[in-house]
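# Summary of structural features
Listed below are the residues making up each chain.
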Amino acid sequence: MEKVKIGLIGLSDTAIENHIKPLLKLDGVFLSGGYDTDLEAFSRVEQETGLKLQVFGDVTDLVRASDALIISTPADDHGINLFGCLIHRKHVLCQPPLCKKSEIDNLKDTFSLANSAKLQISTYYPRRFDPLYVWLKQQLSNLTKKYGKAVSLNTDFSYPEKRASKKNNLLGKYYDQDADYLNFLFGGGIQQTVYKIENSGTHYEIAGKREDGICFRFQGSCALGEEKPYENVELRLERATVYLYCGLDADKGFIMEHATAEMLPIKLNTEIYSEEVIAQQINQNFVDAIRGEAPCYINWKELLQNYCY
């Protein structure tokens with residue numbers, strides 16, 4: 001089996017944890033090299049993984065030497081990096097967000113051409129693989145049949161201080177994952193009205209309403225010391241509200257039927273959340289999609305829905 005040659009544009013901590021470590025565990029993959037303006041990043045890669053990655057001083061040379069690229073550069077550079085990979089007919093997995101609003105029209109045309117060339121375009125949306133959120137997606141049809149249509153989705157994704165935004169923009173760091181899960185759960189292609197309420201390095205909050213009538217509210221904080229709290233998901237239906245709590249020890253769930261206000265526990269039986277397992281699944285899916293052994297877990301039209309906030 002010929003190995004898929006994957007190059008890395010940007011060697012941040014995200015690239016190391018979310019991509020390099022998982023890819024080193026996969027058969028049939030060769031890491032063709034890396035590009036980063038900070039040459040010390042190559043030393044960090046070697047210290048963290050033992051991999052002596054080939055240094056490319058020109059990103060175009062890296063693209064040409066690879067079958068596929070993973071983009072983990074600063075967010076402002078994603079659009080131009082993604083465009084460069086696709087015009088060279090390379091598969092690409094780009095960390096979100098994909099681009100700026102001003103770049104979206106050019107990227108739409110490029111995505112269409114890439115789709116015709118059967119190029120795989122992916123990103124890193126871990127909530128599509130998180131056992132709790134997968135459970136809610138699978139159970140949505142049963143829940144709506146029993147309790148009526150969905151009215152709103154509220155989430156609270158709070159994190160330790162170490163995940164605070166260095167650019168004073170926590171919304172830009174997490175909103176694309178919120179927006180993707182909203183569309184994943186209820187279906188995409190729906191017009192949304194969105195209101196930004198709060199955005200700083202340690203707090204964010206955003207609210208809005210879809211054209212189908214479903215309201216949403218996302219919020220998060222990175223001002224919690226070193227603790228890893230539970231993430232809260234509240235799905236309100238016409239006749240009941242589902243409360244889900246995701247943590248490292250175990251997931252918990254309750255349903256409150258509006259007629260009685262009684263909190264009934266849900267037997268979830270979900271796997272324990274693991275960042276490492278999810279990273280492995282996303283990278284495996286990218287490689288399998290390139291080989292034609294599995295569909296990409298997200299299509300390019302879904303990607304463009306959440307290109308930026």
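To start, this report covers the structure provided alongside it. These numbers were taken from a predicted model, which means no experiment stands behind them.

## Observations regarding the environment of Leu-235
Looking at where Leu-235 falls in the secondary structure, it is placed in strand S10 (residues 231-237). Sequence-wise, Leu-235 and Thr-155 are 80 residues apart; in three dimensions their C-alpha atoms are separated by 8.7 Å. Residues in contact with Leu-235, not counting those within four places in the same chain, are Leu-136, Leu-140, Ala-150, Ser-152, Leu-153, Phe-186, Ala-240, Thr-241 and Val-242.

## So, the nonpolar core
Soluble globular proteins tend to pack their nonpolar side chains together in the buried interior. Membership of the largest hydrophobic core comes to 54 residues, with the highest contact counts inside it found for Ile-6, Leu-31, Leu-82 and Phe-111. A total of seven residues in this core trace back to one element, the largest contributor, which is helix H8 (residues 275-291). Residue contacts for Phe-111: discarding those within four places in its chain leaves Leu-82, Leu-86, Leu-98, Ile-121, Trp-300, Leu-303 and Leu-304. Within the second largest apolar cluster, 37 residues are counted, among which are Leu-132, Phe-216, Cys-222 and Leu-268.

## Observations concerning unusual backbone geometry
A cis amide bond links Pro-96 with the next residue in sequence, Pro-97, at an omega value of -5°. Secondary-structure assignment places Pro-97 in the loop between strand S4 (91-94) and helix H5 (104-116). Even without being a glycine, Arg-89 presents a positive backbone phi close to 60°. Relative to the elements of secondary structure, Arg-89 occurs in the loop between helix H4 (78-87) and S4. Here the phi dihedral of Asn-168 falls at roughly 60°; this positive angle occurs in a residue that is not glycine. Tracing the backbone through its elements, the reader meets Asn-168 in the loop between strand S6 (150-156) and helix H7 (170-186).

## Some thoughts on the pairing of strand S11 (residues 240-246)
Of all seven residues that make up S11, six are buried, and the element is covered over most of its length. As judged from the six bridges shared by S10 and S11, these two strands associate in the antiparallel manner. Directly across from Glu-231, in S11, lies its bridge partner Cys-246. With antiparallel pairing between neighbouring strands as the criterion, S10 and S11 make up a hairpin whose turn holds two residues.

## Regarding H5
With 13 residues, H5 ought to run about 18 Å at 1.5 Å a step, and its terminal C-alpha atoms sit 18 Å apart, in line with that. Ile-104, Leu-107, Thr-110, Phe-111 and Ala-114 are the residues of H5 that are buried. Down the axis of H5, the buried set is contained in an arc of 115°. They therefore lie on one face. In H5, those exposed residues whose orientation departs by more than 90 degrees from the buried face are Asp-105, Asn-106, Asp-109, Leu-113 and Ser-116. Buried positions along H5 lie against H4, strand S5 (121-122) and helix H9 (300-305).

What counts and what doesn't
Residues numbered from 1 in each chain as written. Predicted model: local features only at pLDDT ≥ 70, side-chain atom pairs only at ≥ 80, totals over all residues. Heavy atoms only, no water. Helix = DSSP H or I, 4+ residues; strand = E, 2+ residues; numbered from the N terminus. Contact = heavy atoms within 4.5 Å. Core = buried A, V, L, I, M, F, W, Y, C linked by side-chain atoms within 4.5 Å. Buried < 20%, exposed > 50% of the residue type's maximum accessible area, 1.4 Å probe, protein only. Pairing = 2+ DSSP bridges. Expected span 1.5 Å × (residues − 1). Arc of directions from axis to C-beta.

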